[in-house]
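Examination of the molecular architecture
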Amino acid sequence: MNTKETAIPGRWELFIEELRIGAMEDCLTYYESDMNLLLSKHKDGVVNETELKEWHKNARDKAKQLITKLLLGLETASEEAMESMLKGTEEKFEMIWDINDKKIQLRCSEVQQKIEIDAEEALQKVTFPTKTNVLEEIQAEVKAKCLRSYNVEVGFLSDNTAFQRHLQRLETGLDYIFKAVTLKNNEAIEKKLKESIEIAIDHFLEASKNHNRIPRTTAVFNTVMEAASDGAKQVFESSSGFAREESLYRPYFGLLLERVKEKVEANRDVNLQLVENVCHSTVQELVGNFRHNTGPSKMVLPLNNTELESRLNKEKAVAFKNYVEIQAMFSDTSAYSEMRDLLSKELDKICKDRENENYKAYMKEVDAPLKTSLKLINLSEDKYDTEYSLYEYMKEVCLLNLDEGKAKHWQRTLKLTIVEKFIQESSELQRLLATRRGLYSSIKGFFQWLLSFIS
């Protein structure tokens, strides 16, 4: 009796368990079928998240109602089946949600990339270079069209984060595309501006060219350079006028002005060289005339120093006067002043030569008395123990000997100059003076020099 009593409840429980499992599986199958209807409705494509959530909620509620009816009166089995069924529906929904989310991301990504390609193709039709403001208008139109297309294609997915993420990526991608196009346009504008500079510079060089290589006066040079510069500006503006409102225009116009300025200075240097050549030719001619007019055929030496200086100064004045008259048109140039200085130096050199020649002519006249003086000095030099006393003795002996013969009536200053130069150039006399140099001799000589002033 006991065995039968325990077997009956066990079979009942097994029956109830089978009912519970069958009901749960049937409800899950019902839920899956209901969800498949939604996916079929969208042809297994992407589904709006809000619609998907709502459909899931309705399908789940229907499954809950169904399981309640199937297990009516079986409270414990109904609760257990409901719990398992709901867990199963959530698992199924999570899988459907995950797949749908991936489809949404893929769909938004595909639309984003397609629209970016369309934008690039649209901008490829733009001719470069073009005005920046026109290009900006074109880009604004392309961007607006792209954003409209994106909303038309995937706007129904706007409640998904992928929609906003790929929308931002689309905007970023369009910005990169626009920046690349803008850079390309700027490069084209820059290239055109560079070409315009070269065309303008070529015009300047041709307009300012000195074909006959004749030096220009400052006034003529400035007039030619100004006209050539104005022409270069006009050529530049004509060639690149479309870019006048561009940010690059002013810097490149400034670069043109710098280039023109450099060319003007280069032309100035060339012109100054031409002026210098002409002035130098005049200097050579005047130096030649001066050399001839102060040479032996025009001026017999020796001459009194005053007369020699007067004759030389007169000829120098004539040379300077002629230079000023011949090159007056270039008097405001540095080359004129430099060549005038050169003329002065060359004339001074010749004057120095004439003074030396005059001195040599005088020395030739007094060669004999100076040789006699040298012998006398050698006889008595041991009587003088300082450089100062010996030097004064040398001058005294030479002057006494010059007072005899042709030099007797020469000016004392002339004779003194001849004597000092003779002592300086005589190696024998310089050797004697060198033997008197030393600390003691210098001190004693200094006091002798002071005494000569007192006496």
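Everything discussed here concerns the structure shown above.
Structural notes, computed from the coordinates. (Residues numbered from 1 in each chain as written. Predicted model: local features only at pLDDT ≥ 70, side-chain atom pairs only at ≥ 80, totals over all residues. Heavy atoms only, no water.)

1. Considerations on the overall build of the protein chain
Put simply, the test is: Secondary structure elements follow DSSP: runs of H or I no shorter than four residues count as helices, runs of E no shorter than two count as strands, and numbering proceeds from the N terminus. Both definitions apply: the radius of gyration is a C-alpha atom measure, and the globule rule equals 2.2 Å times residues to the power 0.38. The classification of residues rests on relative accessible area computed with a 1.4 Å probe and restricted to protein chains. Under 20% of the type maximum is buried, over 50% is exposed, and intermediate values are partly exposed. Residues are treated as being in contact if the distance between any of their heavy atoms lies within 4.5 Å.
In terms of helices and strands, the protein chain carries 14 helices and zero strands. Ordering the α and β elements of the protein chain from the N terminus gives α-α-α-α-α-α-α-α-α-α-α-α-α-α. For the protein chain, whose C-alpha radius of gyration is 58 Å, the value lies well above the compact-globule estimate of 23 Å for 455 residues. Based on the C-alpha atoms only, the size of the protein chain along its principal axes is roughly 185 × 65 × 30 Å. Residue burial in the protein chain is summarised as follows: out of 455 residues, 35% are buried. Looking at the protein chain alone, contacts between residues at least 24 apart form 75% of all its contacts between residues at least 6 apart.

2. As for the pattern of salt bridges
Under the convention used in this document: Any Lys or Arg side-chain nitrogen found within 4 Å of a carboxyl oxygen on Asp or Glu counts as a salt bridge.
Applying the stated rule across the entire model yields 20 salt bridges. A salt bridge links E325 to K321; the shortest N-O distance between them is 2.7 Å. Separated by four residues within a single helix, E325 and K321 lie in helix α8 (residues 305-326), roughly one turn from each other. With a shortest N-O distance of 3.3 Å, D367 and K371 are connected by a salt bridge. Remark: K371 and D367 occur in helix α10 (residues 367-380); sequence separation between them is four residues, near one turn of the helix.

3. Let's talk about the nonpolar core
The following threshold applies: For the purposes of this section, nonpolar cores are sets of buried Ala, Val, Leu, Ile, Met, Phe, Trp, Tyr and Cys residues that join through side-chain atoms within 4.5 Å.
One finds V366, L370, I377, M394 and I418 to be the most contacted residues of the largest nonpolar core, which totals 23 residues. Looking at this core element by element, the count peaks at seven residues for helix α11 (residues 387-402). Excluding residues within four positions of it along the chain, M394 makes contact with I377, I423, L429, L432 and L433.

4. Looking at the packing of α10 against helix α13 (residues 427-434)
Operational definition: Structural elements are reduced to axes, namely lines fitted to C-alpha atoms, with helices fitted over the stretch in contact, and the angle between N-to-C directions of any two is expressed from 0 to 180 degrees. Angles are sorted into four bins: roughly parallel if under 35 degrees, roughly antiparallel if over 145, roughly perpendicular if 65 to 115, and oblique for all others. It is the rotation of the near helix from the far one that decides the hand of a crossing: anticlockwise by less than a right angle makes it left-handed, clockwise makes it right-handed.
Their axes nearest at 11 Å, the elements α10 and α13 cross at an angle of 25 degrees. Relative to α13, the element α10 lies roughly parallel. Viewed along their axes, α10 and α13 form a crossing whose handedness is left-handed. The segment α10 lies against α13, with L374, I377 and N378 engaging E428, L429 and L432.

5. Here we look at the environment of K316
Along the chain, K316 turns up in helix α8. Judged by its relative accessible area of 17%, K316 falls in the buried class. In the structure, K316 is positioned 276 residues away from S40 in sequence and 118 Å away in space, judged by C-alpha atoms.

6. Things to note about the environment of E420
Mapped onto the fold, E420 is located in helix α12 (residues 412-425). Linking E420 and C398, residues 22 residues apart in sequence, is a C-alpha distance of 9.4 Å.

7. Focus on the packing of α11 against α12
For the pair α11 and α12, interaxial distance at closest approach is 10 Å and the crossing angle is 125 degrees. As summarised for this structure, α11 and α12 are arranged oblique, according to the angle between their axes. Remark: the crossing between α11 and α12 carries right-handed chirality. Along the contact surface, α11 presents Y391, M394, K395, C398, L399 and L402, while α12 presents R412, K415, L416, V419, E420, F422 and I423.

8. Description of the state of the cysteines
The cut-off we apply is this: Only a pair of cysteine sulfur atoms within 2.5 Å qualifies as a disulfide here.
Evaluation of the coordinates by the stated rule reveals zero disulfides. The thiol of C108 is not disulfide-bonded; the next cysteine sulfur, from C146, is found 15 Å away. By relative accessible area, C108 is classed as buried at 0%.

9. Here we look at unusual backbone geometry
A cis amide bond links F128 with the next residue in sequence, P129, at an omega value of -5 degrees. By the secondary structure assignment, P129 is in the loop between α3 (75-123) and α4 (132-154). Here the bond from L301 into P302 is cis, since omega is 5 degrees, no more than 30 degrees from zero. Along the polypeptide, P302 turns up in the loop between α7 (249-293) and α8. Of note in the backbone geometry, R213 takes a positive phi value of approximately 60 degrees without being a glycine. With respect to the helices and strands, the residue R213 is situated in the loop between α5 (161-208) and α6 (218-240).

10. Digging into the environment of M363
Counting through the fold element by element, M363 comes out in helix α9 (residues 334-365). A sequence separation of 13 residues divides M363 from I350, and the C-alpha atoms of the two residues are 19 Å apart. Setting aside anything within four residues of it in sequence, one finds M363 in contact with L370, I418 and F422.

11. Topic: α4
Two residues of an α-helix separated by three or four positions point the same way, owing to the 3.6 residues in each turn. The condition is simple: Multiplying 1.5 Å by the helix residue count minus one yields the expected span of that helix.
For α4, spanning 23 residues, the distance from its first C-alpha to its last is 32 Å, which sits close to the expected 33 Å at 1.5 Å a residue. Looking only at α4, the buried set comprises L135, Q139, V142, C146, Y150 and V154.

12. Considerations on the packing of aromatic side chains
Any aromatic ring pair is given by two values, namely how distant the centres are and how the planes are angled relative to each other. Stated formally: Only Phe, Tyr and Trp rings are paired, with Trp represented by its six-membered ring, and only when their centres lie within 6.5 Å; those with planes under 30 degrees apart are stacked, over 60 edge-to-face, the remainder tilted.
Applying the stated rule across the entire model yields six aromatic pairs. Centroid distance F236 to Y249: 5.6 Å. Interplanar angle 45 degrees. Geometry classified as tilted. A residue pair is termed long-range when its members are at least 10 positions apart, and F236 in helix α6 and Y249 in helix α7 qualify at 13 residues. We note that F236, like Y249, is buried. Both rings, one in F236 and one in F253, keep their centres 5.8 Å apart while their planes meet at 45 degrees; by these two values the pair is tilted. One end of the pair, F236, is in helix α6; the other, F253, is in helix α7, and 17 residues separate them in sequence. Three or more aromatic residues joined by ring pairs make a cluster, and in this case those are F236, Y249 and F253.

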